[in-house]
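# Topology and contacts: notes
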Amino acid sequence: MNHYPQNRQFDICIRCQTVSKFNNEEKVFKCPHCDFSIKYAELESLLKVSFNSVYFGYQYREIYESVYENDEDIYIRFALEPVNELYYLIATSVISGIVGNLAYDFIKKIARNILKKEIQVYIKDEELVELLDDDEEFRKFYFYIFDYLNGLKNVKPKVKEAIEDEIRVDKSMESMDKKEENRP
Ligand SMILES: [Zn+2]
(Lines give C-alpha, C1' and ligand atoms only; values in the text may rest on other atoms or scores of the structure.)
Protein backbone atom coordinates (compact mmCIF):
# COMPACT_ATOMS: atom_id res chain seq x y z
CA MET A 1 0.00 0.00 0.00
CA ASN A 2 1.27 3.48 -0.71
CA HIS A 3 1.17 6.11 2.00
CA TYR A 4 -1.84 8.17 1.03
CA PRO A 5 -4.36 7.53 3.83
CA GLN A 6 -7.31 5.38 2.88
CA ASN A 7 -9.67 6.91 5.38
CA ARG A 8 -9.87 10.53 6.14
CA GLN A 9 -12.14 12.41 8.50
CA PHE A 10 -12.34 15.75 6.79
CA ASP A 11 -12.98 17.49 3.51
CA ILE A 12 -11.79 20.90 2.57
CA CYS A 13 -13.49 23.22 0.12
CA ILE A 14 -10.93 24.38 -2.41
CA ARG A 15 -12.83 27.59 -2.96
CA CYS A 16 -13.53 28.95 0.53
CA GLN A 17 -11.31 26.52 2.55
CA THR A 18 -14.08 25.50 4.89
CA VAL A 19 -13.38 22.19 6.55
CA SER A 20 -16.23 19.73 6.91
CA LYS A 21 -16.73 16.13 7.87
CA PHE A 22 -15.92 13.70 5.07
CA ASN A 23 -19.05 12.09 3.71
CA ASN A 24 -18.29 8.83 1.97
CA GLU A 25 -21.89 8.21 0.91
CA GLU A 26 -21.72 10.94 -1.72
CA LYS A 27 -20.20 10.99 -5.21
CA VAL A 28 -20.03 14.76 -5.27
CA PHE A 29 -18.56 16.99 -2.63
CA LYS A 30 -20.69 20.00 -1.80
CA CYS A 31 -19.35 22.73 0.48
CA PRO A 32 -21.74 23.42 3.36
CA HIS A 33 -20.51 27.00 3.48
CA CYS A 34 -20.33 28.30 -0.09
CA ASP A 35 -22.18 25.59 -2.05
CA PHE A 36 -19.19 24.96 -4.29
CA SER A 37 -19.31 21.41 -5.62
CA ILE A 38 -16.78 19.10 -7.20
CA LYS A 39 -16.73 15.36 -7.95
CA TYR A 40 -15.09 13.45 -5.16
CA ALA A 41 -12.71 11.81 -7.60
CA GLU A 42 -11.40 15.24 -8.58
CA LEU A 43 -11.18 16.53 -5.05
CA GLU A 44 -9.35 13.36 -4.12
CA SER A 45 -6.70 13.87 -6.75
CA LEU A 46 -6.13 17.42 -5.52
CA LEU A 47 -5.84 16.19 -1.95
CA LYS A 48 -3.34 13.64 -3.13
CA VAL A 49 -1.13 16.42 -4.46
CA SER A 50 -1.41 18.18 -1.09
CA PHE A 51 -0.60 15.01 0.74
CA ASN A 52 2.48 14.39 -1.41
CA SER A 53 3.65 17.95 -1.00
CA VAL A 54 3.62 17.50 2.78
CA TYR A 55 4.92 13.95 2.89
CA PHE A 56 7.74 14.31 0.39
CA GLY A 57 8.19 18.06 0.16
CA TYR A 58 8.11 18.77 3.89
CA GLN A 59 8.53 15.64 6.02
CA TYR A 60 11.18 13.83 4.00
CA ARG A 61 12.89 17.04 3.01
CA GLU A 62 13.34 18.11 6.62
CA ILE A 63 14.83 14.82 7.69
CA TYR A 64 17.16 14.44 4.71
CA GLU A 65 18.28 18.03 4.95
CA SER A 66 19.23 17.54 8.57
CA VAL A 67 21.18 14.37 7.72
CA TYR A 68 22.94 16.20 4.93
CA GLU A 69 23.80 19.10 7.17
CA ASN A 70 25.50 16.79 9.64
CA ASP A 71 27.23 14.35 7.32
CA GLU A 72 27.47 16.23 4.03
CA ASP A 73 26.13 13.11 2.41
CA ILE A 74 23.14 10.81 2.79
CA TYR A 75 23.79 7.10 3.20
CA ILE A 76 20.55 6.12 4.82
CA ARG A 77 16.90 6.02 3.89
CA PHE A 78 14.00 6.49 6.26
CA ALA A 79 10.46 5.16 6.31
CA LEU A 80 8.35 7.96 7.69
CA GLU A 81 4.82 7.76 8.96
CA PRO A 82 2.72 10.47 7.36
CA VAL A 83 1.68 13.30 9.68
CA ASN A 84 -2.03 13.70 10.40
CA GLU A 85 -4.45 14.86 7.77
CA LEU A 86 -4.73 18.42 9.07
CA TYR A 87 -1.31 19.06 7.62
CA TYR A 88 -2.40 18.29 4.14
CA LEU A 89 -5.65 20.19 4.55
CA ILE A 90 -3.47 23.17 5.41
CA ALA A 91 -1.26 22.37 2.43
CA THR A 92 -4.41 22.34 0.28
CA SER A 93 -5.21 25.78 1.52
CA VAL A 94 -1.63 26.94 0.87
CA ILE A 95 -1.75 25.48 -2.65
CA SER A 96 -5.14 27.09 -3.38
CA GLY A 97 -3.65 30.38 -2.21
CA ILE A 98 -0.57 30.00 -4.38
CA VAL A 99 -2.67 29.07 -7.40
CA GLY A 100 -5.00 31.99 -6.68
CA ASN A 101 -2.03 34.34 -6.33
CA LEU A 102 -2.85 35.29 -2.74
CA ALA A 103 -0.35 37.09 -0.56
CA TYR A 104 1.58 35.04 1.97
CA ASP A 105 0.03 36.77 5.00
CA PHE A 106 -3.43 36.07 3.74
CA ILE A 107 -2.61 32.41 3.13
CA LYS A 108 -1.27 32.13 6.65
CA LYS A 109 -4.43 33.63 8.07
CA ILE A 110 -6.64 31.16 6.22
CA ALA A 111 -4.45 28.23 7.24
CA ARG A 112 -4.69 29.27 10.89
CA ASN A 113 -8.44 29.47 10.66
CA ILE A 114 -8.60 25.88 9.52
CA LEU A 115 -7.14 24.74 12.79
CA LYS A 116 -9.13 27.07 14.98
CA LYS A 117 -12.43 25.54 14.05
CA GLU A 118 -14.07 22.41 15.37
CA ILE A 119 -11.32 20.09 14.11
CA GLN A 120 -9.16 21.12 17.01
CA VAL A 121 -11.45 18.95 19.04
CA TYR A 122 -10.80 15.87 16.93
CA ILE A 123 -7.11 16.00 16.26
CA LYS A 124 -4.86 17.40 18.91
CA ASP A 125 -1.39 17.94 17.66
CA GLU A 126 0.99 20.26 19.47
CA GLU A 127 3.53 20.31 16.67
CA LEU A 128 0.85 21.45 14.31
CA VAL A 129 -0.22 24.22 16.64
CA GLU A 130 3.40 25.28 16.83
CA LEU A 131 3.70 25.24 13.07
CA LEU A 132 0.80 27.63 12.79
CA ASP A 133 1.89 29.86 15.66
CA ASP A 134 5.55 30.11 14.80
CA ASP A 135 5.95 32.44 11.89
CA GLU A 136 9.35 31.11 10.89
CA GLU A 137 8.12 27.51 10.86
CA PHE A 138 5.04 28.35 8.85
CA ARG A 139 7.10 30.30 6.36
CA LYS A 140 9.28 27.25 5.93
CA PHE A 141 6.24 25.00 5.47
CA TYR A 142 4.82 27.40 2.89
CA PHE A 143 8.11 27.63 1.06
CA TYR A 144 8.65 23.85 1.06
CA ILE A 145 5.17 23.24 -0.35
CA PHE A 146 5.79 25.90 -2.97
CA ASP A 147 9.17 24.44 -3.87
CA TYR A 148 7.77 20.91 -4.08
CA LEU A 149 5.17 22.08 -6.61
CA ASN A 150 7.96 23.81 -8.47
CA GLY A 151 10.05 20.65 -8.86
CA LEU A 152 12.25 20.97 -5.74
CA LYS A 153 14.44 23.59 -7.36
CA ASN A 154 15.90 24.83 -4.08
CA VAL A 155 16.95 21.48 -2.70
CA LYS A 156 20.56 20.28 -2.60
CA PRO A 157 21.15 17.53 -5.20
CA LYS A 158 21.81 14.78 -2.63
CA VAL A 159 18.66 15.66 -0.71
CA LYS A 160 16.67 15.81 -3.91
CA GLU A 161 17.97 12.39 -4.88
CA ALA A 162 16.84 10.94 -1.54
CA ILE A 163 13.38 12.54 -1.83
CA GLU A 164 12.99 11.29 -5.39
CA ASP A 165 13.89 7.80 -4.24
CA GLU A 166 11.03 7.99 -1.74
CA ILE A 167 8.63 9.19 -4.43
CA ARG A 168 9.65 6.28 -6.67
CA VAL A 169 9.12 3.74 -3.90
CA ASP A 170 5.70 5.19 -3.16
CA LYS A 171 4.72 5.09 -6.83
CA SER A 172 5.74 1.48 -7.19
CA MET A 173 3.73 0.63 -4.09
CA GLU A 174 0.77 2.38 -5.65
CA SER A 175 1.01 0.41 -8.87
CA MET A 176 1.25 -2.77 -6.85
CA ASP A 177 -1.95 -1.74 -5.09
CA LYS A 178 -3.65 -1.27 -8.44
CA LYS A 179 -2.61 -4.70 -9.68
CA GLU A 180 -3.93 -6.15 -6.46
CA GLU A 181 -7.28 -4.42 -7.03
CA ASN A 182 -7.55 -5.64 -10.60
CA ARG A 183 -7.02 -9.25 -9.72
CA PRO A 184 -10.16 -11.31 -10.48
ZN1 LIG B 1 -16.72 26.46 0.20
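Up top is the structure these notes are about.
Notes on the structure in this doc start here.

Thresholds, definitions, all that
The residue count restarts for each chain, going from 1 along the sequence in the order it is written. Local features in a predicted model are, by the rule used here, given only for residues with pLDDT of at least 70; side-chain atom pairs are given and counted only at 80 or more, and totals for whole chains, interfaces and linings are based on all residues. Working definition: helices are DSSP H or I runs of at least four residues, strands are E runs of at least two. Numbering for both runs from the N terminus. Values of the radius of gyration come from C-alpha atoms, whereas the globule rule sets the reference at 2.2 Å times the count of residues to the power 0.38. Contact between residues is assigned whenever the C-beta positions, reconstructed from backbone atoms, fall within 7 Å. Here the expected span of a helix is defined as 1.5 Å times the quantity of residues minus one. Take the seven residues that end at a residue and the seven that start at it, fit an axis to each, and the angle between those axes is the bend at that residue. To assign burial, the other C-beta atoms lying within 10 Å of each residue's own C-beta are counted, with C-beta atoms placed from the backbone; 20 or more indicates buried, 12 or fewer indicates exposed, and intermediate counts indicate partly exposed. Only buried Ala, Val, Leu, Ile, Met, Phe, Trp, Tyr and Cys residues enter a nonpolar core, and they are joined through C-beta atoms within 7 Å. Helix axes are fitted only over the stretch in contact, all axes being lines through C-alpha atoms; the angle between N-to-C directions runs from 0 to 180 degrees. Just so you know how the angles are binned, under 35 degrees is roughly parallel, over 145 roughly antiparallel, 65 to 115 roughly perpendicular, and the rest oblique. Handedness of a helix crossing follows the sense of rotation of the near helix relative to the far helix, less than a right angle counterclockwise being left-handed and clockwise being right-handed.

## Section: the overall build of the protein
The secondary structure content of the protein amounts to seven helices and four strands. Starting at the N terminus and ending at the C terminus, the protein contains elements arranged as β-β-β-β-α-α-α-α-α-α-α. Its C-alpha radius of gyration of 17 Å places the protein within 12% of the 16 Å reference for a compact globule of 184 residues. Put simply, 59% of the contacts in the protein that link residues at least 6 apart link residues at least 24 apart.

## Considering helix α1 (residues 40-71)
Counted at 1.5 Å a residue, the expected span for α1 with its 32 residues is 46 Å, and the 44 Å between its end C-alpha atoms agrees. By the largest-angle criterion, Arg61 marks the main kink of α1, which is about 35°. Just downstream of α1 lies Glu72, where phi reads positive at about 55°.

## A few points about unusual backbone geometry
Not every positive phi belongs to a glycine, and Asp35 is a case in point at roughly 70°. Positionally, Asp35 belongs in the loop between β3 (28-30) and β4 (37-39). Judged by C-beta crowding, with 10 C-beta atoms within 10 Å, Asp35 ranks as exposed. Positive phi outside glycine occurs at Glu72, with the angle close to 55°.

## Structural notes on the nonpolar core
Core analysis: the biggest nonpolar cluster contains 35 residues, and Ile90, Ala91, Val94 and Ile145 have the highest contact counts within it. Listed by contribution, the elements that provide at least two residues to this core are α1, α2 (85-99), α3 (104-116), α5 (126-133), α6 (135-149) and α7 (157-182). Non-local contacts of Ile90, meaning those with residues more than four positions away in its chain, are made with Ala111 and Ile114.

## With respect to the environment of Tyr64
With respect to the helices and strands, Tyr64 occurs in helix α1. What makes Tyr64 buried here is the crowd of 24 C-beta atoms within 10 Å. In this structure, the C-alpha to C-alpha distance between Tyr64 and Ile74, residues 10 residues apart in sequence, is 7.2 Å.

## With respect to the packing of α2 against α6
Running from N to C, α2 and α6 point in directions that differ by 65°, and their axes come no closer than 10 Å. It follows that α2 is roughly perpendicular to α6 by the angle criterion. The interaxial crossing formed by α2 with α6 has right-handed handedness. On α6, the residues that touch Ala91, Val94, Ile95 and Ile98 of α2 are Tyr142, Ile145, Phe146 and Leu149.

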